[in-house]
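Here's the letter readout for the chains.
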Amino acid sequence: MSDQKFWNPVLETLPLEKIRQLQLKKFQNIFRWTYEHSKFHRQLYDHAGVKPEDIKSFHDIQRVPTVEKSMMRDIQGKDPFPYGDALCVPLEDVTIFRQTSGTTGQPVYQPDTWQDWEWWTECWSYILWAQGYRPADRVFIPFGYNIFVAFWAGHYAAEKIGCEVIPGGVLDTKARILKIRELRATAMMGTPTYILGMAETARMKMDVDPSQLTIGKITCAGECGASVPSTKKRLQDAWGAKVYDHAGATEIGAWSFECEDQPGGMHVNEALFLVEIADMESGEIIEEPGRRGKMMITALDRQAQPCVRFDSKDVIEWAAEPCSCGRTSRLIKGGVVGRADDITKVKGVLLAPSAIEEVVRGVDGLGDEYEVVVDRVGDTDSIQLKVEVLPEAQDQCQLIESELADQLRLKTNLRYDIEICGCETLPRYEVKAKRFKDLRKEKSEE
Ligand SMILES: [Zn+2]
């Protein structure tokens, strides 16, 4: 099986019209399931006047109300405790608890049954297979196995494929690097922030060159970084490995992945998920490539706490061309380009934090970390950007600063107050980074 190109040769090469038929059929099923088993959803749907038998065509799906994270937050803590009445199975069928990381507010609980967990693992098997994981791989997983879903399903999927898995659990970063070297691990998974930080630790604190280790591929998730070209390049150069992006979420599932062809975007696993892109102002569904909107997503097979037309707030756009790898599922161009909550107007200009990341990581002589603070004094917005200069570039600060300012102006149309700091002075993050602060929002919330 190792020489097989696709994890599921049938579903991954289905003609588009067959994928649409399959999605409609599966949507009808999951919508009926949800309507019949979740009191929370049934009330929402009755209020909107939509019943399962009303969904006859693809277009009818747009009649189904969307669900936001805040709605899920509101029902939890109630009966059946602690999940609330969106739970579609008896409480005793729940086999695992997870919760969202809470980067955008109070965490949301996520119950899964054993069947849902097998589904999670299957979703990840598509991802890993597409990124070249095979039974001969020895996969090191450096994350703190805990209440967050993170790379749990990646671990199970690697086992399912037949790889050998090394759980890097509570080891610290140095011990993890030593273990990779000792066992000659060939692949690993982590957030772009953590994987970059690991490389820094290896170089600066252990005198180990990570590109000389045996890691040949890295699967990233949790942040947009692996789809930001300059960050991807830093990751790949640091480790001498191919770096792939993947996007997923606790309340959704593992819905997209970059394949070995690295086409500048990610496949949506369309046999298992229905992705719709909605215009951010009008809510109109965008079918054509090249227009950004926010994602609404349905996990077509998830049962315990369903994900039906979930408003994820991820900003994405369809790519114009199919992928060269032969998979027929559509690509989203440049991965997830940001979150609808994060894209903000500064001095009247729309700013996506990932655009700043792309510039900073593209300037030679700068470290990987940076920090952005947007503030307002009187009626004027200001953006402060702190970056770190590498020891070997210390005497070129002025040159670096002017290149940075030029590139930022070019890419984002804004002016920044740049502060160049010494190496390792900015905060380091273990899992997901918080590099962008908008003090205007915090002030308006007070
Ligand atoms: Zn592909």
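Note that the coordinates shown come from a computational prediction; the quantities given were computed from them, not determined experimentally.

Chemist: Mind laying out the overall build of the chain, listing which residues take part and the relevant values?
Modeler: A count of helical and extended segments in the chain gives 11 helices and 20 strands. A globule of 446 residues ought to have a C-alpha radius of gyration of about 22 Å, and the chain, at 22 Å, matches this closely. By principal-axis analysis of the C-alpha atoms, the chain measures approximately 70 × 60 × 45 Å. Of the side-chain charges in the chain, 56 are positive and 70 negative, and the distance between the mean point of each set is 1 Å.

Chemist: Tell me about the coordination of the zinc ion, residues and numbers included.
Modeler: Each protein donor to the zinc ion is listed here as Cys259 (SG), His267 (NE2), Cys323 (SG) and Cys325 (SG); together their distances run 2.1 to 2.3 Å. Sequence spacing among the residues donating to the zinc ion works out to C-x7-H-x55-C-x1-C. Of the two residues, histidine 267 sits in strand β9 (residues 265-268) while cysteine 325 sits in the loop between β12 (310-316) and β13 (331-333), which places them 58 residues apart along the sequence. Taking relative accessible area as the criterion, histidine 267 reaches 0% and is therefore assigned buried.

Chemist: Tell me about the side chain of glutamate 223, and please be specific about residues and values.
Modeler: Locating glutamate 223 in the fold gives a position in the loop between β6 (217-220) and α8 (229-239). No salt bridge is formed by the buried glutamate 223; its nearest oppositely charged neighbour, arginine 435, is found at 4.7 Å.

Chemist: Run through the sheet that holds strand β20 (residues 436-438), naming residues and quoting values.
Modeler: Pairing in this open sheet of four strands is mixed, and the strands run β19-β18-β17-β20 from one edge to the other. Of all the strands in the sheet, the pair left with one neighbour each is β19 (417-421) and β20. Going from strand to strand, the sheet's axes swing by 15° on average, the running direction of each strand aside. Those strands touched by helix α9 (residues 353-362) are β17 (366-377), β18 (380-389) and β20, and its axis lies near 140° from that of β17.

Chemist: Tell me about helix α1 (residues 16-37), residues and numbers included.
Modeler: The end-to-end C-alpha distance of α1 is 31 Å, a good match for the 32 Å that 22 residues give at a rise of 1.5 Å each. All of the buried residues in α1 are Ile19, Gln23, Leu24, Lys26, Phe27, Ile30, Phe31, Thr34 and Tyr35. Buried residues along α1 sit in contact with α2 (39-48), β10 (273-278) and β11 (293-299).

Chemist: Please provide a residue-by-residue account of the pattern of salt bridges, values included.
Modeler: Counted by the stated rule, this structure contains 35 salt bridges. In this structure, the salt-bridge partner of arginine 435 is glutamate 369, at a minimum N-O distance of 2.8 Å. In this pair, arginine 435 is assigned in the loop between β19 and β20 and glutamate 369 in strand β17, connecting sequence segments 66 residues apart. With respect to class, arginine 435 is no different from glutamate 369; both count as buried. Several salt bridges converge on common partners, so that one network encompasses Glu68, Lys294, Asp311 and Lys313.

Chemist: Requested: an account of the packing of aromatic side chains, with residues and values cited.
Modeler: Going through the model one piece at a time under the given rule, you end up with 14 aromatic pairs. Relative to tryptophan 152, the ring of tyrosine 145 lies with its centre 4.9 Å away and its plane at 90°, an arrangement referred to as edge-to-face. The ring of tryptophan 117 carries arginine 98 above its face, with NZ or CZ at 4.7 Å from the centroid. Here the basic side chain of arginine 134 rests over the ring of tryptophan 129, its NZ or CZ set 3.8 Å away from the ring centre.

Chemist: Describe the side chain of glutamate 200, listing the residues and the values that go with them.
Modeler: Turning to its location among the elements, glutamate 200 is positioned in helix α7 (residues 192-205). We classify glutamate 200 as buried; its relative accessible area is 14%. Non-local contacts of glutamate 200, meaning those with residues more than four positions away in its chain, are made with Lys205, Glu424 and Arg428.

Chemist: Which residues make up the sheet that holds β11, and what values do they have?
Modeler: Here we have four strands laid out as an open sheet, ordered β10-β11-β12-β14, and antiparallel in their pairing. The strands lining the two open edges of the sheet, one partner per strand, are β10 and β14 (338-339). Note that β11 and β12 share four bridges and pair antiparallel. Across the sheet, lysine 294 pairs through a bridge with valine 315, a residue of β12.

Chemist: Could you give an account of the environment of glycine 253, naming the residues involved and the relevant values?
Modeler: Locating glycine 253 in the fold gives a position in strand β8 (residues 253-257). Between the C-alpha atoms of glycine 253 and isoleucine 332, which are 79 residues apart in sequence, the distance is 17 Å. Setting aside anything within four residues of it in sequence, one finds glycine 253 in contact with Trp119, Trp120, Gly248, Phe273 and Arg302.

Chemist: Give me the lowdown on the environment of glutamate 288, citing residues and values where you can.
Modeler: As for its placement among the helices and strands, glutamate 288 is situated in the loop between β10 and β11. The spacing of glutamate 288 and glutamate 317 is 29 residues in sequence and 8.6 Å in space, taken between C-alpha atoms.

Chemist: Describe the packing of α1 against α2, with residues and values.
Modeler: With their axes 6 Å apart at the nearest point, α1 and α2 run at an angle of 105° to one another. As summarised for this structure, α1 and α2 are arranged roughly perpendicular, according to the angle between their axes. Residue-level contacts link Phe31, Thr34, Tyr35, Glu36 and His37 of α1 to Lys39, His41, Arg42, Tyr45 and Asp46 of α2. For the contact of α1 with α2, a count of residues per class yields three nonpolar, three polar and four charged.

Chemist: Summarise the layout of surface pockets; cite the residues concerned and give the values.
Modeler: One number sums up the size of the second largest pocket: a volume of about 470 Å³. Arg203, Arg234, Leu366, Asp368 and Leu390 are the residues nearest the centre of the second largest pocket, which is lined by 23 residues in total. At the level of secondary structure, the elements contributing two or more residues to the lining of the second largest pocket comprise α7, α8, α9 and β17. Looking at the lining of the second largest pocket residue by residue, the classes come out as nine nonpolar, four polar and 10 charged.

The rules behind the values
- Residues numbered from 1 in each chain as written.
- Predicted model: local features only at pLDDT ≥ 70, side-chain atom pairs only at ≥ 80, totals over all residues.
- Heavy atoms only, no water.
- Helix = DSSP H or I, 4+ residues; strand = E, 2+ residues; numbered from the N terminus.
- Rg over C-alpha atoms; globule rule 2.2 N^0.38 Å.
- Lys, Arg positive; Asp, Glu negative; His and termini not counted.
- Charge placed at Lys NZ, Arg CZ, Asp CG, Glu CD.
- Donors = N, O, S within 2.8 Å, 3.2 Å for Na, K, Ca; no water.
- Buried < 20%, exposed > 50% of the residue type's maximum accessible area, 1.4 Å probe, protein only.
- Salt bridge = Lys/Arg side-chain N within 4 Å of Asp/Glu carboxyl O.
- Pairing = 2+ DSSP bridges.
- Axes fitted to C-alpha atoms, helices over the stretch in contact; angles between N-to-C directions.
- Contact = heavy atoms within 4.5 Å.
- Expected span 1.5 Å × (residues − 1).
- Phe/Tyr/Trp six-rings, centres within 6.5 Å; stacked < 30°, edge-to-face > 60°.
- Lys NZ or Arg CZ within 6 Å of the ring centre and 35° of its normal.
- Parallel < 35°, antiparallel > 145°, perpendicular 65-115°, else oblique.
- Nonpolar A, V, L, I, M, F, W, Y, C, P; charged D, E, K, R; others polar.
- 1 Å grid on protein atoms, 1.4 Å probe; cavity = no way out; pocket = protein on both sides within 12 Å on 5 of 7 lines; lining within 4 Å.
- Points joined across faces, edges and corners; volume = space filled by probe spheres on them.

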